[in-house]
Structure formats: C-alpha cells, structure tokens
Amino acid sequence: MAQQRQHWEADLDEELQDVDLAIGNYGQVYDDAQQPRIDEATLLAVQQQMAQQAAFSQIPDVVKRFIVHFHQAVLNNDLAEITVAYESGWNKLTEKFYSKTEWPEAEVIAPLVNDDQIFLILYRELYYRHVYSRLQPDIDDRFHSYENSCELFNYLLNSDGPVPLELPEQWLWDIIDEFIYQFQSFCVWRSKAKNKTEEELQLLAEGSQVWSSYSVLNVLYSLIQKSKINEHIVALQEGKSKEEIAEIVGEYGVRPLYRMLGYFSIIGLLRVHSLLGDFTLALKVMENVELNQKSTFTRVTACHVTTYYYVGFCYIMLHRYPDAIRAFVSILNFILRMRQYHTRSYQYDQINKTADRMYALFAVCNALSPTRLDDNISNIVKERYGEQFSKMSRGEEGIPAFEELFLYACPKFISANPPPYEDPELLAAYVEDPPVEPAQRHLALFLSDVRAQAPVPTLRSFLKLYASLDAKKLSNFLDADEEELVQQMMVMKQSSRSVSRIDNEKGLLNGETISTSDLDFVIDVNMVHIAESTVGRRYAGWFIRNTEHAQRVYDTIKASPLPAYNKAPRKPAEQQQPAASAPRTGGQKVAWGGAKVA
Amino acid sequence: MVSASAWAQPPTRTELIENLVSGVDRYNPNNVSILEDYLYHQIRSEEYDCLANLAILKLYQFNPDLYNPDVVINILIKALTSSPFPDFNLCISLLDERPIGLNPDEPDPLPTLLPLITSLHNLLQQCRFPAFWSLYLSEKAESLRDNYTVECVGFEDAVRRVVVQAVNAAFKRISGDRLSTYLNLSGDDLTAFVKNLGWDVDASGVYVIPPNPDNQIVSTVVQENIQLPQLTKIITHAAQTV
C-alpha cells in the first residue's frame, strides 16, 4: 500500500510540472480487469457509453491512478491512506485540472472503481462539494446532490446493521457540514422566485420535498439516534467503563463512523436550528455536549469553530451577552494559538472568515454589555472594528453600526418554507410582494432590543461622574422628563443584569442572573446613589508574563552556542540588553491557564 | 427572578409535554393539539412554559396549514409578561412570513394585532409602564382585551410582576404616586397589592423596598484570584529546564 501511494504521489508531482496533459493515454490501470463490465454497459446504452468513453479518454492519467488508489484505500478502510487522498490528493488535482470545471462524472469513472456504488456515492459527495465551492451549481446539481446525500445516508442508516466503512473524522464532519451548507444554499436560491426559468419553475413545483427542512432534520436526528451519541456522552460523563459504554451504545454506536457522524449531527442541529431562527432549540440540542477544550468537537478544527460561532450567536439572541462573550473569547484565543499550524490548511480561509465575524459579534456584545475584556481579543477588535465600536457605545446614533455588524456577522438565515411554486397565481403574488428576507426579520428583532437600551450609554457616562445625584438634576442635564429618566434608569438596571452559566454547568440553557456592570446604582425616592467597582492591580498576569519571558531568555541562551572568545568583553549591563529583547521569536512558548479575575 | 433552568424546564411541565419538548415527537404535526391544549391550560392557570409554546410555533413554521392565529396571539400574550427576558422576540423569530392567502375565507386577526402587541412589548422592555397601561387600556387595544387578555387569567397581575421586578432592582424607596402609575393601581387596591409584596409604607406615603441583592449597592475592588493549578504548566516547564 505504502509503495503504491508513493507511486501515484510521485506521478502527481511529475504531472503537476508538465504543462501538456496526456490526453488519450489512458487505460493501463483498469483495462484488463474492467473490460467485460464496459461491454455490458455498451449493450445498455451505446450512445451514452460512447460519450462516456470520450469523457473517459479526457481524464488525465494521474487522475485515473488517483481514483483507483483512492478507491483501494476506501475498500481497505485504510484511514491514513484515505486521509492523504482526501486532504491532499484531491485538492492538488483540483488545483491542477479542475479549478474551473467539474471533476469527471461518477458514471464516467465507474469502470475505474469496479462500479463500486458506495465509492461512487462518496465520489459524488466530493464531486458536488467541488461544484458548490468552485463553480455555480445549476438546478440539476442541486437536486442530484440532494439525491446523492439521501443515498449516502440511506446506505449508512438503512443497511442490514452498521456498514463496515471507515472514514477520517475530518471527512465525516465535512459530510455533515456540506449537507447543511447545500440545504441552506438551496433555501436561499429557492426563496428568490424571480428570474427562474420555465424548467426550474417546473422542477421546483414538482420537487417540493427536495431539501425540505423535515428531510434535513430527519437525517440529523436519525444519525443521532442510531449512534446513541447522547447516551454515549452521558455515559462518559458518568465515568462508565468502556464495556458498559459499548453495551449502552450498541452495534452502531461502537463504530467510530457512526459515533462521529452522530456527534457532528448534534452540531449540525445547532446550526440548522439557528438558521431557522430557533435559538433556544439550537442550544437545547447541545444539552449534553460540554463546552470545553477537551470536548470531542475540538478534534476537527472546523467543527470546533462552527460550534462556538453558533453557540455564541444564539446566546446573543437570548440576551445572554456574558455567555456569548465567553464563547467568543475562548474560540478566538484558540484560533490565535492555532494560527501557526493552520496557515496551510485548505480550511484556513473559512476559519479566518468565521473568526472575523466573531470579532464583530464580540464588539456587538461588548457594546451591549460592557465587560472587562480579554486584552488580546479586545485589541484586535479595536483594530478591526474600532470605528463601529465607538459608534455603538453612543446609543441611538450607533444603531447603523449595530446593523452593519449584525448583517455582516449573522448566520445565513433561511425561511423554512418555499415560495408557492405549485400555484402560479400565488407565486405571481409572491413575486409581486415578496416577504421580508429572513436576515432582515432577525435584524429588526435584534435592533428592537438594541433600541430598548439605547439610553443606557449616555446615562452611564453621567452617572460615572457622581457618587449621588438628584434625579431632577440628572434629567436637567439630559434635557429629559424626570419620570422618563427614572424609567430609563430601570432599563439601565435591567441591562446590567444577565443570565449566565455558572462554572460551566451542564446544559447550555441553564444559568443564574449575574451582575454584568462595574457601575451600579439605586434610587432612594428621587436620589440616585452610585457605586462603582474597580479592578485591583493585577499581579498574576505580570508575574506570568515575566516568568515566561525569563524562561524564554533562559531557553535561548541555553540553546545558543558558546560565544567565541572576545578580547574586549562588553560591560555586563550591555550584554543583557540584546538578550532580553531577542528571544521573542525563538524559545519555547509556555502556555498557562487564563488569569481569571474573580 | 426565576433561574434559567426553571425557565427551560418549569416544574409544572408534565412528563408528556417534557417528552414532546425534548424528543423528536415535537416534529409530529399530530401532536400539535396536545401542545395547544397545554397552552390553553397555561392561559387558565397562570402557568408559563416558553419552550413548549415555541414547539407549537415550530410546528406552525414547518406546517403552515396548522397555523392558528388565536394560538399565536395567546403565545405572544404569555411571552409579553416574561419581559425583560427575550421570550417575545424568540417567539416572533419563529413566525415565518405568512403564506399569502392561505385561508382567504377566515379572517386572520394576527396582522392587525401584531403591531399593537409589539408596541406593548416594546413599552415593557423600555420600562415605560405608565405608557404601557395607557396603551393597553386605550380603545385601540379593545379587541385585544375583549377577545384575548380577558381569557388569560392574571394577565394584568403578570404585567405587575414585571413592574415589581424592575422596581425591586432599581429602588430603595419609591413614592406612592410613582408606584401607582407603574402598577395602574390606586387607593385600597394599591395598598392591598403592596401589602402582599411585604413592602412597608412610611408616614409620607413612600414605599420601602426590602433589601435584595440588586438594590444593595457596594463599591468593591475586584481582586484577582489565581489558583496554583493555573500555574502548573509554567512551573512544570521551569522545573524541566533547570
């Protein structure tokens, strides 16, 4: 196996340097073994066969060898080989041959893989994903990718017992992720009833079940139930033994393929429910998942990032800004740390984009619930969204900034139901007067919350100046009616309280009310008394930074070769200088648990 | 205030409902009547179960033909008095664009009532309680009162609970006049209501709100608290390299 891999990889490298493609020079690999099958196919559809043969002859040799090898790796359940083919081979060949066109259709390459239907389903999964990400999917692509997903899940869920297939975790995540992406993409495309061709209208009218919300949820819930993943997580938390867990999760759940698909389906539900605007249900399905760096979802970085993005966003819609901030800080710090390893990953761009949206959401949360910030993250936020951030802390006039960041950073909301394609009359009315787009609906709701607390920043800046102050006087300053002002004070009080999870307790919906503001006040009839909490000097961070620094200096010095004998040694004070500033780049980075402020 | 866990799973929720809310049966359109009955039970008995009501709206979202405007309005009325929590907007989130002319024969009261209910909600969110009462008791809200809130047992008292919660947190003492406009109560009604809360009244007619965590303000200096385990990595590294 290893030799074979070197073989096609060497081929690939060679081919990648060639400018001219070897068209027509095909067949060595499959010819002998597959000939009978092709004859069989010829009988069935001569013309199609000829077209396919022509298409087949267009396939570069290296691609054929890659497919044969890929197929073999899947047959052998050889995870290492599959991973290489999946993460490296496929992408390299895409760059080289298929950056602007589709990969060969599954029917065309079928002879190469012995017409292995399972492999062809997996191949199509990649084929369509490529179409969606690099090209413009047409309606056939959209319908066929749905059918192919159904076939894949049917095979996994409705075979006699668990299927003996194994796939890398990254791929399993991508399957679920892509499934939901295509669903979302379809819903957005479908909701635009204008400018559809006759054929598209026809197909949409007939195929109302294609990519329906029910069918998508069905797949995700089925995977969760089949794998007994929730029972599995609970059993793990209860410290059950391996044998006990195997007993609990059954024949499906013990297989990594099902276990991971089940797990990723929970994250998938989190996402689908968020897209449909059901933020409580989104967090409820995550009930058993523990949100920490050791959780299973961290094993696939893209999954890790997705999880925190949606959890954070749902918390915003639940007004639980401290929880949202905690989620964003945690994942953004993780992304910062991972940056050095991930720059070359093909998902890096996507992760970076999501991270940027989370910085925007972080800025939004902070404007609504000013908190003592994580320095690292808040500096980056200031850099990227400084302008919007200062606008957002100015009440009513900051609304456009909230709007801008929300629309930029929110999920791609969808509506659950298609336009009435089956009824031309209703459809015409729909086109004439289309409903508000989902993102705009959610924006309007969000802005109504923001507006409710619009007076707070101004009040806050005044109260900061006093220890106590008459409400009448304050209302004069603000040129407001005293009674209105007192009512705004109650709003301010409410906005300085928030539900928050305590000590990472279980269940993302649970929590207690906490105070989120460093500025507190109380009204005694008409006198406002103000108290401000201040942060004492932080020694620990300083101590850790300097210990770390000293450690780096020490490591660097230790790793350096002994200095050559120098006739005129410099003064010790001068020698220290360069040593102290240099080691930033070298040396081992020491991580520590975040310095928490109690 | 209730803790979030009681909100996510109120003690009054029966096992049947719990199974619907937490399981996949929530997607079965046949179960909508169970959940609707449960909503009307909440309306009659001053209970509240946000997640169960959201489950109804979810079924409506996926099955537009189940849509029942009266149910939606009742859900919104219940969510209204959960302010300052965002239940109301969470419900609105699930109200997809309504299909056009689904049932042209049956008049749908929601489009006319929704702006009114939303205004009421905004006033509560903004603690503009006197304005809330004047809108709620205005002619504009007559059909809402006569057809819906009158059926919702304890609706006005539920609004008052929202008020009490806001006052509790922000005030040490509050004048009787002010409190009267917030609660829309006066005279003996006000006295009785406040007595129930256990608030005292002084000679000048000022109500004294008992101390609670929110109306006791203190200036504190927050000190960091670093535990040894947080430093293990750095110490281990130091120990290894020496």
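Remember, it's a predicted structure, so these values are computed and weren't measured experimentally.

1. Comments concerning the overall build of chain A
- The helix and strand tally for chain A stands at 27 helices and six strands.
- A buried classification covers 52% of the 598 residues belonging to chain A.
- Within chain A, contacts between residues separated by at least 24 positions form 72% of all contacts whose residues are at least 6 apart in sequence.
- Surface exposure of chain A reaches about 28500 Å², of which carbon and sulfur atoms provide 51%.

2. Digging into the interface of chain B and chain A
- Residue-level contacts link 69 residues of chain B with 84 residues of chain A.
- Summed over both partners, the interface of chain B with chain A buries about 6600 Å², with 58% contributed by carbon and sulfur atoms.
- Counting the contacts that link chain B with chain A gives five salt bridges.
- Among the ionic pairs, Arg497(A) bridges to Asp214(B), the shortest N-O distance being 2.5 Å.
- At the surface where chain B touches chain A, the tally comes to 24 residue pairs in polar contact (both at pLDDT 80 or more).

3. What about the packing of aromatic side chains?
- Applying the stated criterion to the full structure yields 39 aromatic pairs over all chains.
- Aromatic side chains Tyr214(A) and Phe62(B) sit 5.3 Å apart centroid to centroid with 55° between the ring planes, which places their arrangement in the tilted category. In this pair, Tyr214(A) sits in helix H11 (residues 213-227) while Phe62(B) sits in helix H4 (residues 50-62), so the two residues belong to two different chains.
- For Tyr214(A), a relative accessible area of 26% corresponds to the partly exposed category.
- Residue classification places Phe62(B) among the buried residues on the basis of a relative accessible area of 8%.
- Through a chain of ring-to-ring contacts, three or more aromatic side chains come together here, namely Phe66(A), Phe70(A), Tyr86(A), Trp90(A), Phe97(A), Tyr98(A), Trp103(A), Phe119(A), Tyr123(A) and Trp171(A).

4. So, the confidence of the model for chain B
- Confidence along chain B averages 88 in pLDDT terms, with 95% of residues attaining 70 or more.
- By mean pLDDT, the top-scoring element of chain B is helix H8 (residues 129-136) of chain B (96), and the lowest-scoring one is strand S4 (residues 221-222) of chain B (76).

5. Looking at the pairing of strand S2 (residues 497-500) of chain A
Residue and element names in this part refer to chain A.
- Burial along S2 is two-sided: Arg 497 and Val 499 and Ser 498 and Ser 500, pointing in opposite directions, are all buried.
- For S2 and strand S3 (residues 512-515), the ladder comprises four bridges, and the chain directions are antiparallel. Considered in S3, the bridge of Val 499 is made with Thr 513.

6. Considering a negative patch on the surface
- The grouping of Glu102(A), Glu105(A), Asp138(A), Asp140(A) and Glu199(A) at the surface amounts to a negative patch.
- The residue Glu102(A) is located in the loop between helix H5 (79-97) and helix H6 (106-109) in this model.

7. Notes on the environment of Ser143(B)
All names here are of chain B.
- Here Ser 143 shows up in helix H9 (residues 142-149).
- Among the residues examined, Ser 143 registers a relative accessible area of 35% and is labelled partly exposed.
- In this structure the C-alpha to C-alpha distance between Ser 143 and Leu 113, which are 30 residues apart in sequence, comes to 8.6 Å.
- Excluding its chain neighbours within four sequence positions, the residues that come into contact with Ser 143 are Leu 113 and Tyr 148.

8. Examining the sheet that holds strand S1 (residues 171-175) of chain B
- Spatially, the six strands line up as an open sheet ordered S1(A)-S5(A)-S4(A)-S1(B)-S3(B)-S2(B), and their pairing is mixed. A strand with exactly one partner marks an edge of an open sheet, and here the two such strands are strand S1 (468-470) of chain A together with strand S2 (200-201) of chain B.
- Both strand S4 (residues 519-524) of chain A and S1(B) contribute to a ladder of two bridges, which runs parallel. Opposite Asp524(A), over in S1(B), you have Arg173(B) as the bridge partner.
- This element, helix H23 (residues 456-463) of chain A, spans S1, S4 and strand S5 (527-532) of chain A of the sheet and lies at about 85° to S4(A).

Basis of the calculations
- Residues numbered from 1 in each chain as written.
- Chains lettered and ligands numbered in written order.
- Predicted model: local features only at pLDDT ≥ 70, side-chain atom pairs only at ≥ 80, totals over all residues.
- Heavy atoms only, no water.
- Helix = DSSP H or I, 4+ residues; strand = E, 2+ residues; numbered from the N terminus.
- Buried < 20%, exposed > 50% of the residue type's maximum accessible area, 1.4 Å probe, protein only.
- Contact = heavy atoms within 4.5 Å.
- Areas by Shrake-Rupley, 256 points an atom, 1.4 Å probe, with all protein chains shown as cover.
- Buried area = accessible area lost by both parts, 1.4 Å probe.
- Salt bridge = Lys/Arg side-chain N within 4 Å of Asp/Glu carboxyl O.
- Polar contact = N/O pair within 3.5 Å; in protein donor to acceptor, adjacent residues only side chain to side chain.
- Phe/Tyr/Trp six-rings, centres within 6.5 Å; stacked < 30°, edge-to-face > 60°.
- pLDDT = per-residue confidence, 0-100.
- Pairing = 2+ DSSP bridges.
- Patch = residues over 30% accessible without salt bridge, like charges linked within 9 Å, V, L, I, M, F, W, Y side chains within 5 Å.
- Lys, Arg positive; Asp, Glu negative; His and termini not counted.
- Charge placed at Lys NZ, Arg CZ, Asp CG, Glu CD.
- Axes fitted to C-alpha atoms, helices over the stretch in contact; angles between N-to-C directions.

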